[in-house]
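# Architecture at a glance
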Amino acid sequence: MGAVTLALSVYLAQHKAVDGSSRSVSGFVSFLLPKKVFLAPSAKLDYQLLVFNKLIKAALFAPLMLTMVPVALWVSSALESSLGGVLLLDTPAWLVMCLFTVLLFVLDDFSRFLLHYLLHKVPWLWQFHKVHHSATVLTPLTIYRTHPIESYLYGCRMALSQGIAVGIGYALFGATLKMYDVLGANVFVFAFNVLGANLRHSHIWFSWGDKLEKWFISPAQHQIHHSTALVHRDTNLGSALAIWDRALGCLIMASSVTELTLGVGRFNAHNSLWGIYSEPFAHIWRRCQYYVTQLRRRT
């Protein structure tokens, strides 16, 4: 609902600025759900991947997925051994909830950034992540446009970040850990989503301005990340916080970009389900063959 409200503000501003004609409900619906975006071949692949990836995850990866509990137990045991037992700090319950909520949010956001950074910088990982970047239009369902290998890595990442947070919290405060949540989501994640995060994968350009974008990744900044331009591709890697990108010098403000084309460029092999699933493996196999050939020539 928050994303729709923000989209309405963009519609009202743009509609007035472009031609000053009368606004209407049907005009807003057309602006929010344009057929050229939601019925584009790229978007239709997103819808298919939503279904097929869930089936693949359930059939192949569910038994192999790292879970939070063993990670939390290992972290708490390691800390208790080094600290001489559970500290059980004399801390008010409300403060424990605040600290634990912040810890969960920060570790989750940093681990997302770190994995995303590796997906861009490690060549063979990029082949799997390229599937997500191959979208030529963005819809809210583009978030599901991922290769199963990447989905598996993100699932393990979540188990690690949550397990580390729970393990630290248990070692410091005992088993009575709670977080501040809204509808089951971390209050910070909920607030970020309400403020427009759900517009990141959309055609709606929504910037928060340079001051806020130094601290938080806006929808427009994430859309820049999906640009075909190589100068944009390895930027704005953060999920919510922009501080990780700023620390590594890979943060771009929305105000610095005037034109945007989405995708991975001219040679896009991810225009079918088979291409999406097979091309990363095929590319890695071709590169391995190339390196083996080069090695044989040298010897």
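Above this text you will find the structure in question.
The rules behind these values
- Residues numbered from 1 in each chain as written.
- Predicted model: local features only at pLDDT ≥ 70, side-chain atom pairs only at ≥ 80, totals over all residues.
- Heavy atoms only, no water.
- Helix = DSSP H or I, 4+ residues; strand = E, 2+ residues; numbered from the N terminus.
- Buried < 20%, exposed > 50% of the residue type's maximum accessible area, 1.4 Å probe, protein only.
- Contact = heavy atoms within 4.5 Å.
- Areas by Shrake-Rupley, 256 points an atom, 1.4 Å probe, with all protein chains shown as cover.
- Lys, Arg positive; Asp, Glu negative; His and termini not counted.
- Charge placed at Lys NZ, Arg CZ, Asp CG, Glu CD.
- Salt bridge = Lys/Arg side-chain N within 4 Å of Asp/Glu carboxyl O.
- Core = buried A, V, L, I, M, F, W, Y, C linked by side-chain atoms within 4.5 Å.
- Axes fitted to C-alpha atoms, helices over the stretch in contact; angles between N-to-C directions.
- Parallel < 35°, antiparallel > 145°, perpendicular 65-115°, else oblique.
- Phe/Tyr/Trp six-rings, centres within 6.5 Å; stacked < 30°, edge-to-face > 60°.
- Lys NZ or Arg CZ within 6 Å of the ring centre and 35° of its normal.
- Left-handed = near helix turned anticlockwise from the far one by under 90°.
- Nonpolar A, V, L, I, M, F, W, Y, C, P; charged D, E, K, R; others polar.

## Things to note about the overall build of the protein
- From N to C terminus, the protein includes 14 helices and 2 strands.
- Overall, the protein is about 70 × 65 × 40 Å in size when its C-alpha atoms are taken along their principal axes.
- Counting over 299 residues, the protein shows a buried share of 41%.
- Look at the contacts in the protein between residues 6 or more apart in sequence, and 72% of them connect residues 24 or more apart.
- Surface summary for the protein: the accessible area is close to 16,800 Å², and the carbon and sulfur share equals 68%.
- Side chains of the protein give 24 positive and 14 negative charges; the mean places of these two sets differ by 10 Å.

## Some thoughts on the pattern of salt bridges
- On inspection of all chains with the given rule, the structure shows 5 salt bridges.
- Here D108 ties to R112 by a salt bridge, and the two come within 3.0 Å at their closest N and O atoms. Of the two residues, D108 and R112 both sit in helix α6 (residues 93-121), 4 residues apart, roughly one turn of that helix.
- For D108, a relative accessible area of 17% translates into the label buried.
- A residue is classified by how much of its surface remains accessible, and R112, at 30% relative accessible area, is partly exposed.
- The partner of E279 in a salt bridge is R286, with the nearest N and O atoms 2.8 Å apart.

## Things to note about the nonpolar core
- Among the nonpolar cores identified, the biggest contains 20 residues, and V10, F28, F31, F192, L199, I204 and F206 are the most heavily contacted of them.
- Ignoring sequence-local partners within four residues, the contact set of F192 consists of A197, W208, I217, S239 and A240.

## Side note on the side chain of E150
- With respect to the helices and strands, the residue E150 is situated in helix α8 (residues 148-173).
- Within the buried core, E150 has no salt-bridge partner, and the shortest N-O distance to an opposite charge, that of R112, equals 8.9 Å.

## With respect to the packing of α6 against helix α7 (residues 123-133)
- Between α6 and α7, the shortest axis-to-axis distance is 6 Å and the interhelical angle comes to 105°. Comparing their axes, α7 and α6 come out roughly perpendicular. Where α6 abuts α7, its residues H116, L118, L119, H120 and K121 lie against P123, L125, W126, H129 and H133.

## Re the packing of aromatic side chains
- Within this structure, the stated rule accounts for 10 aromatic pairs.
- An aromatic cluster of three or more residues is present, and its members are Y11, F28 and F31.
- The cationic tip of R246 hangs over the ring face of W215; the distance from NZ or CZ to the ring centre is 4.3 Å.

## A closer look at the environment of L8
- In this fold, L8 is placed in helix α1 (residues 2-18).
- The sequence separation of L8 and L32 amounts to 24 residues, and the corresponding C-alpha distance is 8.2 Å.

## Some remarks on unusual backbone geometry
- Of note, N236 is a non-glycine position whose phi angle comes to about 50°, a positive value.
- Mapped onto the fold, N236 is located in the loop between α12 (230-233) and α13 (243-248).

## Some remarks on the packing of α7 against helix α14 (residues 273-298)
- Orientation of α7 relative to α14, taken along the N-to-C sense of each, is 160°, at an axis distance of 9 Å. Taken together, α7 and α14 sit at an angle that is classed as roughly antiparallel. Like other packed secondary-structure pairs, α7 and α14 cross with a definite hand, here right-handed. Here W124, Q127, F128 and V131 of α7 lie close against α14, whose contacting residues are I276, P280, F281, H283 and I284.
- When its residues are assigned to classes, the contact of α7 with α14 shows 7 nonpolar, 2 polar and no charged.

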